[in-house]
Amino acid sequence: MKRTILTLLVALAITGGGLFSAAPRHAAAQSGTVWQAQFFNNNTLSGGPAYTMQTQDIQFNWGTGSPDPSIQPDSFSARFTTDVYVDGGTYEFVIRADDAVRLFIDRAPTPTIDTFGQAQSGRTLRASVTLAAGVHNLRIDYQELTQDAYIFVNWAPLSNSPTDFGTGYEMGVWTVQYFGNQSLAGDPVAVRAENSPSHNWGAGAPVAGVPADFWSARWMGTFTLNGTYGVTIRADDGVRFFVDGNTVLDQWHGATNDTYTAQFTVGAGQHTLGIEYYEATAFLNVDFTSVNGSVLPGQPAPVQPTPTPVPNVPTAVPGGPTATVLAWRLNVRDAPSASGTNVIAKINRGETYSILGRNQAGDWLLLNVNGLNGWVSIRYVGLNNEQALPVVGAQPTATPAPVQPQPTGYTLTSRANLNVRSGPNTQYDVVGALGYGEEAPIVGRNADNTWWQILDNGQVGWVIDFYVVVEDGVDINRIPVTG
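Model, not experiment: these values are computed from the prediction.

Quick notes on the rules
Throughout this document, residue positions are counted from 1 along each chain, in the order its sequence is written. Local features in this predicted model are restricted to residues of pLDDT 70 or higher, and side-chain atom pairs are both shown and tallied only at a pLDDT of 80 or more, whereas totals for entire chains, interfaces and linings draw on every residue. For side-chain calculations, the full set of non-hydrogen atoms in the structure is used, while hydrogens and water are omitted. Put simply, buried Ala, Val, Leu, Ile, Met, Phe, Trp, Tyr and Cys residues joined by side-chain atoms within 4.5 Å make one nonpolar core. When a residue's accessible area, from a 1.4 Å probe over protein chains only, is under 20% of the maximum for its type it is buried; when over 50% it is exposed; and in between it is partly exposed. A helix here means a DSSP run of H or I that spans at least four residues, while a strand means a run of E at least two residues long, and both kinds are numbered starting from the N terminus. In what follows, residue pairs with any heavy atoms lying within 4.5 Å of each other are defined as contacts. Strands pair, by our definition, only if DSSP identifies at least two bridges between them. When a carboxyl oxygen of Asp or Glu is within 4 Å of a side-chain nitrogen of Lys or Arg, the pair counts as a salt bridge. Centres within 6.5 Å are what make two rings of Phe, Tyr or Trp a pair, Trp counting through its six-membered ring; a difference in plane orientation under 30 degrees is then read as stacked, over 60 as edge-to-face, and the rest as tilted. Only C-alpha atoms enter the line fits that serve as axes; for helices the fit covers just the stretch in contact. Angles between N-to-C directions range over 0 to 180 degrees.

Looking at the nonpolar core
Logical step 1: By size, the foremost hydrophobic cluster in this structure holds 31 residues, and its most contacted members are Phe80, Ile140, Tyr142 and Ile151.
Logical step 2: Counting only elements with at least two residues in this core, the list comes to strand E3 (35-40), strand E5 (59-63), strand E6 (77-86), strand E7 (89-98), strand E8 (100-105), strand E10 (124-131), strand E11 (134-143) and strand E12 (149-157).
Logical step 3: Sequence-distant contacts of Ile140, that is, excluding residues within four places in its chain, are made with Trp35, Ile58, Ala78, Arg79, Phe80, Ile95, Val101, Arg102, Leu103, Ile151 and Val153.
Logical step 4: Among the nonpolar cores identified, the runner-up in size contains 23 residues, and Tyr178, Val207, Tyr229 and Val239 belong to it.

Take a look at the structure:
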């Protein structure tokens, strides 16, 4: 059972000036870039532009207004394009917009950043891209739906140390990039905002598309600080910590539960904190503990779970089978699974406990830990005095195969290049795509008719209502609620 844990508390020490607080800050585009801007009186970038201009940066806040009197204040769109020479290297793009935005590089068919159809208003979106030396085409599509309208864009070389480019990472929120390798190389598999870098991923991967082992991640957040702060990191494997791009801790190597401490002092103002981490085959446990007990915003206080009773548990037999812990520190759980269960105790390498039983699959063992019964993965213990073990707890029942939804006889047509998702929400995985003008049979809907379930080349998926047209004369009561 691999346990990967990242817990962050940044501490106010002797001269600290209070808790972290958030304040707005806007972005400015890279100096010297000239963008051609086209604005449309619709939110689909269709037809000819109603207004054009040039700009050396993309830093606009139109509020409830519009870019020009010729452009309506709601439901408009814009396209910014440029051809620019760059030196070879990895570049970071940072965008914050209300409502939706897409970033295309070198006219690629798939955008590097894309929130069309899943607008994430006010979120800071980041992506790192490796570019060869030469001229590259950059295109940013912007979509305004209702109320406030703004877009801020910045891009710059990504150095070895994370740097705040003056973009204002979403204040008080950590932006994380997950990479499918141990070296933070190439484009991230996933970029998202998180309230805290504190996690317990158990034996699984941090996000879909990232392997359970041999991955890396970078967290960055901008906070208002003033004073001296202490930081303690306990890591297995590699970790680095930065303040305003300056390295405070650099322990980028394999480790076994090593502990590192440091202090940093900053003046009053906004400061960017960065954490880089790579995971090999063991676990990471990082604790930043405040001297006076204060914690970073979004860091939850630890909760002690209530153990779940295990039915029909046999008692330990003197001289019976035992398990010796092989991991440095091993979680004991209230059920035989690394996900969806509570940690009720922690045991250490070299300790030995009586085995009470096993689960049906035989990959988890029930131990008696100083009078408390709990489950551990068989992968991280050595067995002594092996013998047949009773199966403990309720056995799983077979899950019936899901019934394939049937077409309702109605179809819809996509009004954009549209993601097809595994569920009726933008948080679900993308499982397919509908091209502009493409039709698909409807098999279901959600309760408020904002998402439609369709058959896309024989696969069931969901599309958002905003970007589709349902055929005329549809009887909504004939379409079942399926999600």
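Re the sheet that holds strand E9 (residues 113-114)
Logical step 1: Across the sheet, which stays open at both edges, the six strands sit in the order E4-E3-E6-E11-E8-E9 with antiparallel pairing between neighbours. Each end of this open sheet is capped by a strand with a single partner; those strands are strand E4 (51-55) and E9.

Points about the pattern of salt bridges
Any two side chains of opposite charge can pair if their charged atoms end up close together.
Logical step 1: Under the counting rule described, the total for this entry stands at six salt bridges.
Logical step 2: Glu92 is the partner of Arg126 in a salt bridge, and the nearest nitrogen-oxygen pair spans 2.0 Å. With Arg126 in strand E10 and Glu92 in strand E7, this pair connects stretches of sequence that are 34 residues apart. Each of the two residues, Arg126 as well as Glu92, counts as buried.
Logical step 3: The salt bridge involving Asp141 is made with Arg102; its shortest N-O contact spans 3.0 Å. Of this pair, Asp141 sits in strand E11 while Arg102 sits in strand E8, placing them 39 residues apart in sequence.

Regarding the packing of aromatic side chains
Working definition: an aromatic ring pair is given by the centre-to-centre distance plus the angle between the planes.
Logical step 1: Going through the model one piece at a time under the given rule, you end up with 13 aromatic pairs.
Logical step 2: Between Phe39 and Phe80, the aromatic rings sit 6.0 Å apart at their centres with planes inclined by 90 degrees, giving edge-to-face as the arrangement. Pair noted here: Phe39 is in strand E3 and Phe80 is in strand E6, with a separation of 41 residues, a long-range link. Phe80 matches Phe39 in its accessibility class, with the two residues each being buried.
Logical step 3: Summarising the aromatic geometry, the rings of Tyr229 and Phe264 are spaced 5.4 Å apart at their centres and angled 20 degrees between planes, so their arrangement reads as stacked.

Remarks on the sheet that holds E10
Logical step 1: Strand order in this open sheet of four strands is E5-E12-E7-E10, and the pairing throughout is antiparallel. In the strand order of this sheet, the two ends are held by E5 and E10, each with one partner. Looking at each pair of strands side by side, their axes are set apart by 15 degrees on average, direction ignored.
Logical step 2: Relative to E12, E7 runs antiparallel, the two being bridged by eight bridges. Following the sheet pairing, Val94 is matched in E12 by Asn154.

Re the pairing of E8
Logical step 1: Taking burial as the measure, the six residues of E8 include six buried ones, the bulk of the element.
Logical step 2: Here E8 runs beside E11; their pairing, made up of six bridges, is antiparallel. Across the sheet, residue Val101 finds its bridge partner in E11, namely Tyr142.
Logical step 3: Pairing analysis gives two bridges linking E8 to E9, with the strands arranged antiparallel. Across the sheet, Arg102 pairs through a bridge with Asp114, a residue of E9.

So, the pairing of strand E27 (residues 411-414)
Logical step 1: The alternating pattern of E27 places Leu412 and Ser414 on a buried face, while none of Thr411 and Thr413, on the opposite face, is buried.
Logical step 2: Pairing of E27 with strand E30 (residues 439-445) involves three bridges; the strand directions are antiparallel. Counterpart to Leu412 in the pairing with E30 is Ala440.
Logical step 3: Looking at chain direction, E27 and strand E33 (residues 468-470) are connected through three bridges and run antiparallel. Bridge assignment links Ser414 to a residue of E33, and that residue is Val468.

Here's the deal with unusual backbone geometry
Logical step 1: Note that the residue after Asp98, namely Asp99, is joined by a cis bond; omega there is 25 degrees.
Logical step 2: Assignment of secondary structure puts Asp99 in the loop between E7 and E8.
Logical step 3: Unusually for a residue other than glycine, Arg107 sits at a positive phi of about 60 degrees.
Logical step 4: By the element assignment, Arg107 lies in the loop between E8 and E9.
Logical step 5: A relative accessible area of 62% means that Arg107 is categorised as exposed.
Logical step 6: Even without being a glycine, Asn370 presents a positive backbone phi close to 55 degrees.
Logical step 7: Along the chain, Asn370 turns up in the loop between strand E24 (364-369) and strand E25 (372-377).
Logical step 8: Of the residues examined, Asn370 reaches a relative accessible area of 70% and is grouped as exposed.

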